Amino acid sequence: MTLDDKVRLARERMADALARFGVRAAVGWTGGKDSTVVLALWRGVLREAGCGEAPFAINLDTGCKFPEVLAFRDRLAREWGVDVTVVRPEVDLARYPLAADPVQCCGELKIRPLNEAISLLKIPALLTGVRADENPDRAHRPWFEDHGDHVRILPILEWTELDVWTFLVREGIPWCPLYDHGYRSLGCMPCTSRSGRGERSGRDAAKEERMAQLRSLGYF
């Protein structure tokens with residue numbers, strides 16, 4: 001498929017989500033490049049459907065995100081009129097063993113607060129920026145996943161890193177400035193570093209190896 005084919009497919013999936021779940025479908029927006037593409041596409045789908053272009057988004061702030069990511073999130077939310085709900089874990093980070101156990105850490109700082117927010121806000125569908133080529137566990141995931149009380153929609157599942165950057169540049173969509181300084185994938189500060197070997201090679205290796213276990217708990 002060409003990039004234009006992938007864009008059309010992503011928009012078709014989003015149009016289906018809008019028809020099924022309405023404007024309460026939320027974008028799981030991390031502030032990273034992939035979910036920003038999803039947010040931009042969702043705005044367009046909402047606008048063309050006559051629903052305005054102020055999307056609903058959920059953002060996870062674990063307390064150890066890069067300040068640049070948070071600043072980018074806040075700036076773009078203002079510029080685009082995003083109705084963003086910021087979700088935070090109820091843990092004392094001063095006493096918490098960050099990244100000591102990646103599954104436990106992601107579970108308590110990301111997965112549990114996300115699942116609680118989805119339940120509390122009665123979000124029927126979450127649109128994410130997951131791509132199949134990022135991790136072996138993601139290679140064979142369906143674009144529509146049933147999580148019981150909600151569904152997960154992966155509209156850009158077939159996109160590559162190059163597709164994402166081509167689309168961002170072509171459409172004039174902003175991105176977090178950390179990407180201009182050697183980062184290719186953005187997570188929490190203790191588990192993210194610059195790397196040119198592979199897109200997610202700068203992420204914590206132990207966490208990447210246990211992606212299937214994390215996904216079973218509700219990780220993107």
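Coordinates for the structure precede this section.
Conventions used here
Residues numbered from 1 in each chain as written. Predicted model: local features only at pLDDT ≥ 70, side-chain atom pairs only at ≥ 80, totals over all residues. Heavy atoms only, no water. Core = buried A, V, L, I, M, F, W, Y, C linked by side-chain atoms within 4.5 Å. Buried < 20%, exposed > 50% of the residue type's maximum accessible area, 1.4 Å probe, protein only. Helix = DSSP H or I, 4+ residues; strand = E, 2+ residues; numbered from the N terminus. Contact = heavy atoms within 4.5 Å. Expected span 1.5 Å × (residues − 1). Arc of directions from axis to C-beta. Pairing = 2+ DSSP bridges. Salt bridge = Lys/Arg side-chain N within 4 Å of Asp/Glu carboxyl O.

(A) Region of the structure containing the nonpolar core. Membership of the largest hydrophobic core comes to 40 residues, with the highest contact counts inside it found for Leu 41, Trp 42 and Trp 159. Listing elements by their share of this core, those giving two or more residues are helix 1 (3–21), helix 2 (33–48), helix 3 (67–80), strand 4 (125–127), strand 6 (151–153) and helix 5 (161–171). The greatest single-element share of this core, amounting to eight residues, is contributed by helix 2. Those residues in contact with Trp 159, other than ones at most four positions away along the chain, are Leu 3, Lys 6, Val 7, Ala 10, Val 37, Leu 41, Arg 131, Asp 133, Val 164 and Phe 167. Formed by ten residues, the second largest nonpolar core is a distinct cluster that contains Leu 60, Leu 114, Ala 117 and Ile 123.

(B) Representation of helix 1 in the model. Over its 19 residues, helix 1 extends 26 Å from the first C-alpha to the last, a length consistent with the 27 Å expected when each residue adds 1.5 Å. Buried residues of helix 1: Leu 3, Lys 6, Val 7, Ala 10, Arg 13, Met 14, Ala 17 and Leu 18, and no others. Considered in projection along helix 1, the buried side chains sweep an arc of 145 degrees and stay on one side of the axis. Every exposed residue of helix 1 that faces more than 90 degrees away from the buried side is listed here: Glu 12 and Ala 19.

(C) Representation of the pairing of strand 3 (residues 83–87) within the structure. Examined bridge by bridge, strand 2 (residues 56–60) and strand 3 share five bridges and lie parallel to one another. Bridge pairing links Ala 57 to Val 84 in strand 3.

(D) Region of the structure containing the pattern of salt bridges. For the coordinates displayed, the defined rule picks out 17 salt bridges. Between Asp 163 and Lys 6 there is a salt bridge, and its shortest N-O distance comes to 2.6 Å. Taken together, the residues Asp 163 in helix 5 and Lys 6 in helix 1 connect sequence positions 157 residues apart. Assigned by exposure class, Asp 163 and Lys 6 land together as buried.

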